Each structure stands twice: as C-alpha cells, then as structure tokens.
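Report on the structure
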Amino acid sequence: MSAPTHTPPHPASRGGVDSRLPWWALALPTLSFVALLALILHPSDAHAAAGDPAISRLLEHLRHLIMR
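Here's a quick rundown of the structure. Not measured: the values here are computed from a predicted model. (Residues numbered from 1 in each chain as written. Predicted model: local features only at pLDDT ≥ 70, side-chain atom pairs only at ≥ 80, totals over all residues. Heavy atoms only, no water.)

**Some words on the overall build of the protein chain**
Across its full length, the protein chain carries two helices and zero strands. With an accessible surface of roughly 6,700 Å², the protein chain has 68% of that area assigned to carbon and sulfur atoms. (Helix = DSSP H or I, 4+ residues; strand = E, 2+ residues; numbered from the N terminus. Areas by Shrake-Rupley, 256 points an atom, 1.4 Å probe, with all protein chains shown as cover.)

**With respect to the pattern of salt bridges**
For the structure shown, the criterion picks out one salt bridge. R63 is the salt-bridge partner of E60, the closest N and O atoms lying 2.4 Å from each other. Here E60 pairs with R63, and both are found in helix α2 (residues 53-67), just three residues apart, close to one helical turn. Taking relative accessible area as the criterion, E60 reaches 28% and is therefore assigned partly exposed. (Salt bridge = Lys/Arg side-chain N within 4 Å of Asp/Glu carboxyl O. Buried < 20%, exposed > 50% of the residue type's maximum accessible area, 1.4 Å probe, protein only.)

**A few points about a nonpolar patch on the surface**
A cluster of nonpolar residues, L58, L62, L65, I66 and M67, forms a patch on the protein surface that exposes about 490 Å² of accessible area. If you trace the backbone, L58 turns up in helix α2. (Patch = residues over 30% accessible without salt bridge, like charges linked within 9 Å, V, L, I, M, F, W, Y side chains within 5 Å.)

Written out as structure tokens, the structure is:
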C-alpha cells in the first residue's frame, strides 16, 4: 500500500513577484556603455584606432555635433 504524498505550495502563490536586480546588474552594463562611449568620443586615445580615415572623420564629426 502506498502512502499519499504531499507537495509543497508553489512559490508564486505568495502574492507577488520578486523582481529586484542586484546592484551589478545595472552597474556593469552602464560602465561598459560609458567606456565604449569614451572610446568613440576620443578615438585618438585608443591604440587600435588606425582604421579607415573616413570612419575617423565620421566619428570626429559626430563628436563635434555632440559637444555643441
């Protein structure tokens, strides 16, 4: 003869959803975005910025537009 098993209630039955993020879930993407934006605005600071001159001119033009 088998005994009936009791299953615990579902965690979602608490009444709400816990959707808080840890601090680094926002800090790391923000830090990455700022670092990449700094490289775009100052391409001469990047060591591998010896690319196509047209791209450099475009980025320089965008930097002047942003700085206005």
